[in-house]
Amino acid sequence: MKVLVIGGGGREHALAWKLAQSPRVTKLYAAPGNAGIAQVAECRPVGAEDLPGLHALAQEVKPDLTVVGPDNPLAMGVVDLFQKHGLRIFGPSASAARFESSKIFAKQFMARHGIPTARFGQFSDSRSAEAFARSFGGPCVVKADGLALGKGVLVCQTPTEAAQAIRLMMEQKAFGAAGERVVIEEFMTGDEISIHALVDGRSFRAFPSSQDHKRVGDGDTGPNTGGMGTISPVPQATAELLQTVERQILEPFVRGCQADGIEYRGLIYPGLMLTPDGPRVLEFNARFGDPETQVLMMRMESDLLEAVEAVVDGRLADTALRFRSEAAVCVVMASGGYPGDYPKGKVIRGLDDAAKLDGVQVFHAGTKRQDGAIVTSGGRVLGVTALGRDLKAARERAYEAVARIQFDGAHCRKDIGWRAFRFMENK
Ligand code: AMP
Ligand code: GLY
């Protein structure tokens, strides 16, 4: 089978790496891919958001299946386009991808179907937004409705801060059209976890829990990033808690889609907060997480192609997912300056040395091949990922591998998994 992967980051490397292990995959393509993906796939220089280019590529290479990594092409309708031309593709339609591309859509859906989430209001004028924010009397969260590169969420400590955030979005249009409408919600506290689930319109199959580290600095300090590292499993996510998540969130999600006539096929990944009152949905993502996918693919024992095809063909109910009991830790190595401006083209050394370590896989995020060397080409450069008998062993191995890799300006967090380790120590 010929498979095309859309995207060129660490998530797509992990997906391509796992797909390449399927005995039924005879040829892999990636658009645009990166230097790591090129080890398992033929990379074509077509951007993930170039829909006409992707369609032309599909007409040329005739993939039997296409797997979409990032959110933007989904929101732009790549699935609708491919399906219109009779091409099999994994991912939700643009309309179903609104769970991620419109926070108002997601919040209204949750309210309609009793899915636990923060109390909220939605606004298209700033005065009523400010009045609602004041009604909390203390902290609240202001969210741009649309996609804003992960930056459209502002946690505000006071009503004054909230009013500034609202004006920034609605009057100064700091996030463009994404901020024309806003959601204001109750501030919640607790550990955050990611739950990934495949959905075929009727059934779902959940992946093990994982946890991202979004801030750039140790101890969750500094600005937000795309994600600086992940662990799986998350010790706070007990079997009992996961049952609650399935019962209160995933089951009502699937039933709600059916009731509303939304055909959801693909991956749904709610970001959850484990509040004192139980798990609450922070947001829905309509695709695999990055770098969550790196740890999930390391732990996945089942054939990813079989699972993805079961979603596309609507036979997930007959498909089981199997995972290794080992834990996985992913440490992202980023370019100097990231998440601000950063240089590109820095030569990366030590990749082979790192890969020699048992249970280690170095997923490429922002890399390319240049004059025979592998060089940096993005903010997040590598996702150095390791399996271990437990989180501690996996963390040790991941950092051992990180120590073998060098490029100018490289930085990473030194504390991936710290909340999990703190939780286990206090248990
Ligand atoms: P989102 O993109 O909606 O997941 O928000 C990004 C981040 O903002 C989350 O990972 C949380 O850390 C924080 N956040 C979002 N909503 C809330 C909330 N209601 N209460 C507290 N923190 C929140
Ligand atoms: N890891 C965060 C995200 O993929 O949205």
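Remember, predicted model here, so these are calculated numbers, not experimental data.

Peer 1: Explain the overall build of the protein to me, please; I cannot follow it from the model alone.
Peer 2: The number of helices and strands found in the protein is 14 helices and 23 strands. Computed over its C-alpha atoms, the radius of gyration of the protein comes to 21 Å, within 12% of the 22 Å expected for a compact globule of 427 residues. Dimensions of the protein, computed from C-alpha atoms along their principal axes, come out at roughly 60 × 45 × 45 Å. Evaluated residue by residue, the protein yields a buried proportion of 58% over its 427 residues. Pairs at least 24 apart in sequence give 69% of the contacts found in the protein among residues at least 6 apart. Taken as a whole, the protein presents about 17300 Å² of accessible surface, with 47% of it coming from carbon and sulfur. Taking the average location of the 51 positive side-chain charges in the protein and that of its 50 negative ones, the two points are 0 Å from each other.

Peer 1: Is there a simple way to explain the packing of helix H1 (residues 10-20) against helix H10 (residues 292-299) in this structure?
Peer 2: Each pair of packed helices can be summarised by the angle the axes make with each other and by the distance between the axes. Packing of H1 against H10 leaves a shortest axis separation of 8 Å and a crossing angle of 15°. Considering the angle they form, H1 stands roughly parallel to H10. Seen from above, H1 lies across H10 with left-handed handedness. On H10, the residues that touch Gly10, Arg11, Ala14, Leu15, Trp17 and Lys18 of H1 are Thr293, Gln294, Met297 and Met298.

Peer 1: Can you walk me through the pattern of salt bridges in this structure?
Peer 2: Any two side chains of opposite charge can pair, on the condition that their charged atoms come close. Tallied over the entire structure, the rule returns 25 salt bridges. Between glutamate 42 and arginine 44 there is a salt bridge, with the nearest N and O atoms lying 3.0 Å from each other. Several salt bridges share partner residues, and in doing so they unite Arg24, Arg88, Glu306, Glu309, Asp313 and Arg315 into one network.

Peer 1: What am I meant to see in the nonpolar core here?
Peer 2: Proteins that are soluble and globular tend to have nonpolar side chains buried together. Counting 48 residues, the largest nonpolar core has Val78, Phe99, Phe253, Tyr264 and Ile268 as the members making the most contacts within it. Considering each element in turn, this core owes the most residues, 7 residues, to helix H9 (residues 239-260). Apart from the residues within four sequence positions on either side, tyrosine 264 is in contact with Pro92, Ala96, Phe99, Val199, Asp200, Gly201, Phe253, Cys257, Asn285 and Ala286. Grouped together as the second largest cluster of nonpolar side chains are 40 residues, Val5, Phe288, Leu296 and Leu305 included.

Peer 1: Which parts of the structure should I look at to understand the site of ligand 2?
Peer 2: Every residue lining ligand 2 is accounted for by Asp212, Gly226, Tyr269, Arg287, Gly289, Asp290 and Glu292. At 2.8 Å, a side-chain N or O of aspartate 212 approaches a nitrogen atom of ligand 2. Within the side chain of arginine 287, one N or O atom sits 2.8 Å away from an oxygen atom of ligand 2. For ligand 2, the accessible surface in isolation is 200 Å², of which the surrounding protein chains cover 88%. Considering only residue class, the shell around ligand 2 consists of 1 nonpolar, 2 polar and 4 charged.

Peer 1: Any chance you could explain the site of ligand 1 here in plain terms?
Peer 2: Among the 14 residues in the neighbourhood of ligand 1, the closest are listed as Lys143, Glu185, Glu186, Met188 and Glu192. Between ligand 1 and lysine 103, the relevant distance is 3.3 Å, taken from an oxygen atom to a side-chain nitrogen or oxygen of the residue. The separation between a nitrogen atom of ligand 1 and a polar side-chain atom of glutamate 185 is 2.8 Å. Relative to its free-state accessible area of 470 Å², ligand 1 is covered by the protein chains to the extent of 86%.

Peer 1: Please explain the sheet that holds strand S3 (residues 42-43) as it appears in this structure.
Peer 2: In a beta sheet, neighbouring strands are held together by backbone hydrogen bonds and run either parallel or antiparallel to one another. Read across the sheet, 5 strands follow the order S3-S2-S1-S4-S5 without closing on themselves; strand pairing throughout is parallel. Two strands close off the open sheet at either side, each with one partner strand: S3 and strand S5 (89-90). Direction of pairing for strand S1 (residues 2-7) relative to strand S2 (residues 27-32): parallel, over a ladder of 6 bridges. Looking at the pairing, valine 3 lines up with leucine 28 of S2. Together, S1, strand S4 (65-68) and S5 form the strand contacts of helix H11 (residues 304-313), whose direction differs from that of S4 by roughly 95°.

Peer 1: Even after reading the chapter, I still don't get the environment of glutamine 248, so can you show me in this structure?
Peer 2: Mapping glutamine 248 onto the fold places it in helix H9. Looking at glutamine 248, the relative accessible area reads 31%, which means it is partly exposed. In this structure the C-alpha to C-alpha distance between glutamine 248 and phenylalanine 363, which are 115 residues apart in sequence, comes to 34 Å.

Peer 1: I tried to follow helix H13 (residues 391-403) on my own but got confused; where do I start?
Peer 2: Taking 1.5 Å as the rise per residue, H13 with 13 residues should run 18 Å; its terminal C-alpha atoms sit 18 Å apart, in good agreement. Within H13, burial applies to Leu391, Ala393, Ala394, Ala398, Tyr399, Ala401 and Val402.

Peer 1: Explanation requested: the side chain of lysine 103 in the structure shown.
Peer 2: Positionally, lysine 103 belongs in helix H6 (residues 103-112). Apart from residues no more than four positions distant in its own chain, lysine 103 is found in contact with Lys143, Ala144, Asp145, Val153, Val183 and Glu283.

Peer 1: Would you take a moment to explain the sheet that holds strand S6 (residues 120-123) for this structure?
Peer 2: Pairing is antiparallel in the open sheet, where 4 strands are placed in the order S6-S9-S7-S8. Across the chains shown, the open sheet's two edge strands, defined by having one partner strand only, are S6 and strand S8 (153-156). Across the sheet, the mean angle from the axis of one strand to that of its neighbour is 20°, orientation sign disregarded. Relative to strand S9 (residues 182-186), S6 runs antiparallel, the two sharing 4 bridges. Among the inter-strand pairings, phenylalanine 120 is bridged to a residue of S9, identified as glutamate 185. Docked against the sheet, helix H7 (residues 126-135) engages S6, strand S7 (140-144) and S9, running at close to 165° with respect to S6.

Peer 1: In this structure, what is going on with the side chain of arginine 299? I would like to understand it.
Peer 2: Mapped onto the elements of the fold, arginine 299 is located in helix H10. No salt bridge is formed by the buried arginine 299; the nearest opposite charge belongs to glutamate 326, separated by 7.2 Å. Aside from chain neighbours lying at most four places away, what touches arginine 299 is Pro208, Ser232, Pro233, Arg322, Phe323, Arg324, Ser325, Glu326, Ala327, Ala328 and Leu387.

Peer 1: Any chance you could explain the packing of aromatic side chains here in plain terms?
Peer 2: Geometry of an aromatic ring pair is reported as the spacing of the ring centres plus the angle between the planes. Taken as a whole, this structure holds 15 aromatic pairs when the rule is applied. The interplanar angle of 35° and the centroid separation of 6.4 Å between the aromatic rings of phenylalanine 90 and phenylalanine 288 together place this pair among those described as tilted. Here phenylalanine 90 is found in strand S5, whereas its partner phenylalanine 288 is found in the loop between strand S18 (278-285) and H10, with 198 residues between them in sequence. Judged on exposure class, the residue phenylalanine 90 and its partner phenylalanine 288 are both buried. An aromatic cluster of at least three residues, connected via ring pairs, comprises Phe99, Phe105, Phe109, Phe253, Tyr264 and Phe284. One residue, lysine 27, lies across the ring of tyrosine 29, its end atom 5.2 Å from the ring centre. Positioned above the aromatic ring of phenylalanine 421, the side-chain terminus of arginine 395 is 3.8 Å from the ring centre.

What counts as what
Residues numbered from 1 in each chain as written. Chains lettered and ligands numbered in written order. Predicted model: local features only at pLDDT ≥ 70, side-chain atom pairs only at ≥ 80, totals over all residues. Heavy atoms only, no water. Helix = DSSP H or I, 4+ residues; strand = E, 2+ residues; numbered from the N terminus. Rg over C-alpha atoms; globule rule 2.2 N^0.38 Å. Buried < 20%, exposed > 50% of the residue type's maximum accessible area, 1.4 Å probe, protein only. Contact = heavy atoms within 4.5 Å. Areas by Shrake-Rupley, 256 points an atom, 1.4 Å probe, with all protein chains shown as cover. Lys, Arg positive; Asp, Glu negative; His and termini not counted. Charge placed at Lys NZ, Arg CZ, Asp CG, Glu CD. Axes fitted to C-alpha atoms, helices over the stretch in contact; angles between N-to-C directions. Parallel < 35°, antiparallel > 145°, perpendicular 65-115°, else oblique. Left-handed = near helix turned anticlockwise from the far one by under 90°. Salt bridge = Lys/Arg side-chain N within 4 Å of Asp/Glu carboxyl O. Core = buried A, V, L, I, M, F, W, Y, C linked by side-chain atoms within 4.5 Å. Near = heavy atom within 4 Å. Polar contact = N/O pair within 3.5 Å; in protein donor to acceptor, adjacent residues only side chain to side chain. Nonpolar A, V, L, I, M, F, W, Y, C, P; charged D, E, K, R; others polar. Pairing = 2+ DSSP bridges. Expected span 1.5 Å × (residues − 1). Phe/Tyr/Trp six-rings, centres within 6.5 Å; stacked < 30°, edge-to-face > 60°. Lys NZ or Arg CZ within 6 Å of the ring centre and 35° of its normal.

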